[in-house]
Amino acid sequence: MTDVNLTLGELELLIDGLSGDVDLVWVLIHLGVRSNPPPAPVWAPVASDLQDAFASLRKLTSLGLIRVGRIEHTDGGPPGRLAPLRHIAEDMDSVVSRVEAAVRTACAEEDWAYSCWVVNTDDGNVIASAALDRKTHG
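Undergrad: Explain the packing of helix α1 (residues 8-17) against helix α5 (residues 122-137) to me, please; I cannot follow it from the model alone.
TA: The description of two packed helices rests on the angle between their axes and on the distance between the axes. Running from amino to carboxyl end, α1 crosses α5 at an angle of 105°, the nearest separation of the two axes being 8 Å. With respect to their mutual orientation, α1 and α5 come out roughly perpendicular. Every residue of α5 that contacts α1 at L11, E12, L14, I15 and G17 is listed here: G124, N125, I127, A128, A131, L132 and K135. When its residues are assigned to classes, the contact of α1 with α5 shows seven nonpolar, three polar and two charged.

As structure tokens, then:
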């Protein structure tokens with residue numbers, strides 16, 4: 001599965017996924033939707049930004065390279081603390097709805113930045129490892 005037609009941003013997202021779950025901010029950065037640092041201190045994605053990002057996430061999901069969803073503490077405790085986590089894959093329409101609502105009602109980046117998380121599948125890790133090897137060894 002090394003001949004999949006992915007953009008450089010999609011490959012960067014998969015490479016980042018080698019080290020764990022990737023939050024929405026880094027999804028947007030890797031896909032070229034947002035710069036790092038953001039162009040303005042209170043930057044938030046607009047509807048077209050989210051459409052572009054979710055087009056790539058749908059593509060990667062349909063190829064079986066990622067799962068998209070949320071994270072939750074495995075001990076059932078509250079968010080906002082260090083504790084063991086697990087990724088919960090969700091239907092893309094549910095994720096899109098949650099992200100759009102979070103962006104629409106956000107007062108600060110933290111209000112939407114962690115509204116979805118991406119995790120590589122085993123196939124995604126294979127593609128990412130090959131891309132990283134090409135990147136580091138030319």
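Undergrad: Please clarify how the packing of α1 against helix α3 (residues 47-62) should be interpreted in this entry.
TA: Close contact between α1 and α3 brings their axes to 11 Å; oriented N to C, the two are set at 65°. Regarding α1 and α3, the two cross each other, and that crossing is right-handed. Every residue of α3 that contacts α1 at E10, L13 and L14 is listed here: S56, L57, K59 and L60. Considered class by class, the residues forming the contact of α1 with α3 number four nonpolar, one polar and two charged.

Undergrad: What am I meant to see in the state of the cysteines here?
TA: One way to say it: the disulfide is the covalent bond shared by the sulfur atoms of two cysteines. In total, this model carries zero disulfides according to the counting rule given. With no disulfide of its own, C107 has C116 as its nearest cysteine by sulfur position, at a separation of 20 Å. Relative accessible area serves as the criterion here: at 74%, C107 is assigned to the exposed category. Judged by relative accessible area, which is 0%, C116 ranks as buried.

Undergrad: I would appreciate a short explanation of the packing of aromatic side chains in the present structure.
TA: For any two aromatic rings, the description comes down to two numbers: the centre-to-centre distance and the angle of the planes. Taken as a whole and judged by the stated rule, the model has two aromatic pairs. The interplanar angle of 65° and the centroid separation of 6.0 Å between the aromatic rings of W43 and W112 together place this pair among those described as edge-to-face. Pair noted here: W43 is in the loop between α2 (24-30) and α3 and W112 is in the loop between α4 (92-105) and β4 (117-120), with a separation of 69 residues, a long-range link. By relative accessible area, which is 1% here, W112 ends up buried. Look at Y114 and W117: their rings are 6.0 Å apart centre to centre, the planes differ by 20°, and that puts the pair in the stacked class. Given the relative accessible area of 14%, W117 is considered buried.

Undergrad: Is there a simple way to explain the nonpolar core in this structure?
TA: Proteins that are soluble and globular tend to have nonpolar side chains buried together. Counting 34 residues, the largest nonpolar core has L14, V27, F54, L57, V68, V99 and W112 as its most contacted members. Top contributing element to this core by residue count: α4, with six residues. L14 has contacts with L6, L60, L65, I66, N120, G124, I127 and A128, leaving out every residue within four places of it along the chain.

Undergrad: What should I look at first to understand α4 in this one?
TA: Along an α-helix, a turn takes 3.6 residues, which lines up residues three or four apart on a common side. Its 14 residues give α4 an end-to-end C-alpha distance of 20 Å, which sits within 8% of 20 Å, the value for a rise of 1.5 Å per residue. Considering only its buried residues, α4 is in contact with α2, α3 and β2 (66-73).

Procedures and definitions
- Residues numbered from 1 in each chain as written.
- Predicted model: local features only at pLDDT ≥ 70, side-chain atom pairs only at ≥ 80, totals over all residues.
- Heavy atoms only, no water.
- Axes fitted to C-alpha atoms, helices over the stretch in contact; angles between N-to-C directions.
- Helix = DSSP H or I, 4+ residues; strand = E, 2+ residues; numbered from the N terminus.
- Parallel < 35°, antiparallel > 145°, perpendicular 65-115°, else oblique.
- Contact = heavy atoms within 4.5 Å.
- Nonpolar A, V, L, I, M, F, W, Y, C, P; charged D, E, K, R; others polar.
- Left-handed = near helix turned anticlockwise from the far one by under 90°.
- Disulfide = S-S within 2.5 Å.
- Buried < 20%, exposed > 50% of the residue type's maximum accessible area, 1.4 Å probe, protein only.
- Phe/Tyr/Trp six-rings, centres within 6.5 Å; stacked < 30°, edge-to-face > 60°.
- Core = buried A, V, L, I, M, F, W, Y, C linked by side-chain atoms within 4.5 Å.
- Expected span 1.5 Å × (residues − 1).

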